[in-house]
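This is what each chain is made of:
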Amino acid sequence: MEYKVLKQAIPKDVLEYLQYYSEEAYYKTKHCQGAERENGSGKYFGSIEMASCLPIASEDENKKLYNIYTSNSMYNIVTKYIKKPYLFNDEIVIKRKEKEELLDFNYDNSFLPLTNKLKTIKIMFFLDSFNIETGMIEVFDGKFWLRLQPNAGDMLIINGDCVYRIEPNTTKKPRKTYLCVYSNKPIGKNFKKGFYYNRFTN
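In this numbering scheme, every chain counts its residues from 1 along its sequence in written order. Under the rules for a predicted model, residues below a pLDDT of 70 receive no local features and side-chain atom pairs below 80 are neither given nor counted, while totals for whole chains, interfaces and linings still include all residues. Values shown for side chains rest on all heavy atoms present in the structure; no hydrogens or waters enter the calculation.

*Asks:* Help me understand the environment of P11, please; the structure alone is not making it clear to me.
*Replies:* Going along the chain from the N terminus, every DSSP run of H or I of four or more residues is numbered as a helix, and every run of E of two or more is numbered as a strand. Its place among the elements puts P11 in the loop between β1 (3–6) and α1 (12–29). Relative accessibility thresholds used throughout: buried, under 20% of the residue-type maximum; exposed, over 50%; partly exposed, between the two (1.4 Å probe, protein chains only). Of the residues examined, P11 reaches a relative accessible area of 43% and is grouped as partly exposed. For the pair P11 and G153, spaced 142 residues apart in the sequence, the C-alpha separation amounts to 7.6 Å.

*Asks:* Please explain the nonpolar core as it appears in this structure.
*Replies:* The nonpolar side chains of soluble globular proteins are, as a tendency, buried together. To form a nonpolar core, buried Ala, Val, Leu, Ile, Met, Phe, Trp, Tyr and Cys residues must be joined to one another through side-chain atoms within 4.5 Å. Counting residues in hydrophobic clusters, the biggest one holds 44 residues, and the most contacted among them are I92, I123, F125, Y178 and Y182. Put simply, the parts of the chain that give this core at least two residues each are α1, α2 (59–69), α3 (72–78), β2 (86–95), β4 (120–126), β7 (155–159) and β9 (175–183). Of the residues forming this core, the biggest block, 7 residues, is contributed by α1. For this analysis, residues touch if any pair of their heavy atoms sits within 4.5 Å. Beyond its immediate stretch of four places on either side in the chain, F125 contacts I10, L18, I68, M74, D154, M155, K176, T177, Y178 and C180.

*Asks:* What is the right way to read the packing of α1 against α2 from this model?
*Replies:* For any two helices packed against each other, one specifies the inter-axial angle together with the distance between the axes. Comment: axis = line fitted to C-alpha atoms, over the contacting stretch for helices; angle = value between 0 and 180 degrees taken between N-to-C directions. Between α1 and α2, the least distance of the axes is 12 Å, while the angle of their chain directions is 130°. Considering their axes alone, α1 and α2 lie oblique with respect to each other. With respect to the hand of their crossing, α1 and α2 are arranged in left-handed fashion. Here V14, Y17, L18, Y21 and K28 of α1 come into contact with α2, specifically with E61, N62, K64, L65 and I68. Think of it as three bins: nonpolar holds Ala, Val, Leu, Ile, Met, Phe, Trp, Tyr, Cys and Pro, charged holds Asp, Glu, Lys and Arg, and polar takes everything else, Gly as well. Of the residues in the contact of α1 with α2, the class split is 6 nonpolar, 1 polar and 3 charged. Reported orientations rely on four angle classes, namely roughly parallel under 35 degrees, roughly antiparallel over 145, roughly perpendicular from 65 to 115, and oblique for the rest. With the far helix as reference, a near helix turned anticlockwise by less than a right angle produces a left-handed crossing, and one turned clockwise produces a right-handed crossing.

*Asks:* So what exactly am I meant to see when it comes to the confidence of the model for the chain here?
*Replies:* Any residue range with low pLDDT should be treated as having predicted coordinates unsuitable for detailed reading. For the chain, the mean per-residue pLDDT works out to 89, and 90% of the residues sit at or above 70. Across the chain, each position has a pLDDT score giving the predictor's confidence in that residue, from 0 to 100. Mean pLDDT across the elements of the chain bottoms out in strand β3 (residues 105–106) (60) and peaks in α2 (98).

Okay, structure coming up:
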C-alpha cells in the first residue's frame, strides 16, 4: 500500500472541532516562530508538530487532540498496515497564499533515522478541500505523478516511503490539514528533543 483515500471518513463533530482548533493553534503559535520549545524538534516553526502536547495550549485542548490521535478508529486503520504500531507525531499544517512557493517533493521516511528498518504511516485529515485553486496533492506511482483532489472530511493514508508533493495554495483562504504519524518502532525517545514513542494500543 503506497496510499489510499478514504472518502468522508472524518466524523462531522471531529471535522468541525479540528477546523476550529487548527486556527486556534495557529494563532497561539504565530508569535513563537523560531523560539525554543520543550518537545518535538525543539523549536516552533511553520507547521505545528506534536500538536497534541503543545506547551502553550491548555490541558483540555491537548487532551481533546490526543484523544483524536489515539482514538479506536485510528487504531483500527493503522493496524491494517502496522501490526504493533507506536505513536510518533501529530501535526497541524495551515498553508496560506504566498507570492512564491516551490513545489517540493518528499517522502516521510527520508527525515527519520533507521530508514531501512523503519516503517511509518501518515494519515492526513483534510479540513479544507484541495482543488486547482487551493492546491492538489500529488503522489508518485513510480512512473507518473497522480493528482488527488480530496474534499474536506476525506482522509489520505500514505506510506512513509511514498513520494508526494502538495501544490501551493493560490487563494486568500487558509488550507488546513491535521496529520497523524505512527511507526513500527519506538524511535521518539532518542530522536531530536522528544516525539512520542509509546505503544499505540486500543
